[in-house]
Amino acid sequence: MSKQQWTLLTTDTQKLQLFGMQARVTTNYGDVFQGLIYYCDESIIILKNEDDFFLINQQQIQDLSTIDIQDPKQTLQNLLAIDLAAMAQEMIKKEMKEPHQQLFDHLQKLYRDVDWKDQEIIIPSISIRISPPYKSDNISGENKLGVERLRKIVDKYAKNF
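Below: a short report on this structure.

Basis of the calculations
Residues numbered from 1 in each chain as written. Predicted model: local features only at pLDDT ≥ 70, side-chain atom pairs only at ≥ 80, totals over all residues. Heavy atoms only, no water. Helix = DSSP H or I, 4+ residues; strand = E, 2+ residues; numbered from the N terminus. Buried < 20%, exposed > 50% of the residue type's maximum accessible area, 1.4 Å probe, protein only. Areas by Shrake-Rupley, 256 points an atom, 1.4 Å probe, with all protein chains shown as cover. Phe/Tyr/Trp six-rings, centres within 6.5 Å; stacked < 30°, edge-to-face > 60°. Polar contact = N/O pair within 3.5 Å; in protein donor to acceptor, adjacent residues only side chain to side chain. Expected span 1.5 Å × (residues − 1). Contact = heavy atoms within 4.5 Å. Pairing = 2+ DSSP bridges. Axes fitted to C-alpha atoms, helices over the stretch in contact; angles between N-to-C directions.

It is worth spelling out the overall build of the protein chain at this point. When its secondary structure is counted, the protein chain shows five helices and nine strands. Each helix (α) and strand (β) of the protein chain, taken in turn from the N terminus, gives the series α-α-β-β-β-β-β-α-α-β-β-β-β-α. For the protein chain, buried positions account for 30% of its 161 residues. Accessible area for the protein chain stands at about 11200 Å²; split by element, carbon and sulfur atoms hold 52% of it.

Turning our attention to the packing of aromatic side chains. Inspection of the entire model under this criterion finds four aromatic pairs. With 5.1 Å between their ring centres and 45° between their planes, Phe-33 and Phe-54 make a pair best called tilted. Of the two residues, Phe-33 is situated in strand β2 (residues 32-40) and Phe-54 in strand β4 (residues 53-57); the sequence distance between them amounts to 21 residues. Overall, the relative accessible area of 21% leaves Phe-54 in the partly exposed class. Their ring planes at 15° and their centres at 5.0 Å tell us that Phe-104 and Trp-116 sit as a pair that is stacked. Placement of the pair is Phe-104 in helix α4 (residues 99-110) and Trp-116 in strand β6 (residues 115-117), with a sequence separation of twelve residues. Judged by its relative accessible area of 28%, Trp-116 is partly exposed.

Below, the discussion takes up the side chain of Gln-22. As for its placement among the helices and strands, Gln-22 is situated in strand β1 (residues 22-27). What makes Gln-22 buried here is its relative accessible area of 12%. Here the side chain of Gln-22 touches Leu-36 through a polar contact of 3.4 Å, landing on its backbone nitrogen.

Time to look at α4. The end-to-end C-alpha distance of α4, which contains twelve residues, comes to 17 Å, matching closely the 16 Å that a straight helix rising 1.5 Å per residue would cover. Within α4 the residues assigned to the buried category are Leu-103, Phe-104, Asp-105 and Leu-107. Residues of α4 that are buried make contact with β6, β7 (120-123), β8 (128-130) and α5 (144-160).

Here we have five strands laid out as an open sheet, ordered β4-β3-β2-β1-β5, and antiparallel in their pairing. Two strands lie at the open edges of the sheet, namely β4 and β5 (61-67), each paired on one side alone. Within the sheet, the average angular offset between the axes of one strand and its neighbour, ignoring direction, is 40°. Two elements, strand β3 (residues 44-48) and β4, share five bridges in a ladder whose sense is antiparallel. When the sheet's bridge partners are listed, Ile-46 is paired in β4 with Leu-55.

Cis geometry is adopted by the peptide bond preceding Pro-133, which originates at Pro-132 and carries an omega value of 10°. Residue placement: Pro-133 occurs in the loop between β8 and β9 (139-141).

Spatial strand order, β6-β7-β8-β9: four strands in an open sheet with antiparallel pairing. With one partner strand each, in any of the chains shown, β6 and β9 form the two edges of the open sheet. On average, each strand axis in the sheet is tilted by 30° relative to the strand beside it, whichever way the strands run. The pairing of β7 with β8 spans three bridges and is classified as antiparallel. Within the sheet, the bridge partner assigned to Ile-123 lies in β8 and is Ile-128. Lying over the sheet, α5 contacts β7, β8 and β9, oriented at roughly 165° with respect to β9.

What follows is the structure, encoded as structure tokens:
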């Protein structure tokens, strides 16, 4: 479809029909881009291939042609589904951490030097360690005030989670 034909697609419905189709765009500068039509409006078209997005000014389009999709894995719906699946997997990983890792993450917000030593959570700055099963009774250290404070923090954290 030439630039003139492309500009004749004035309604959103007509442009929406191109959404998700494989296309090849040639610009006025001779550059050729190929990918799925991810978005289009009166000023831009966005093509997506496996690795990149291409944002192309509508005024610079010399030719736009649609291409038959040979590989069903290349459809926009499949690419979006893969993106959504990856995002969901990341969210599940964050939500499904084991409780002791969640406690460690919480303590890292309070103390900069929280670390693991074997199975124990250690906080060198206040000379305290928390042993499995990571309850307030499992906190030990030389700093008695620090131990008491950390016991309160761990108890409060355990009640919330």
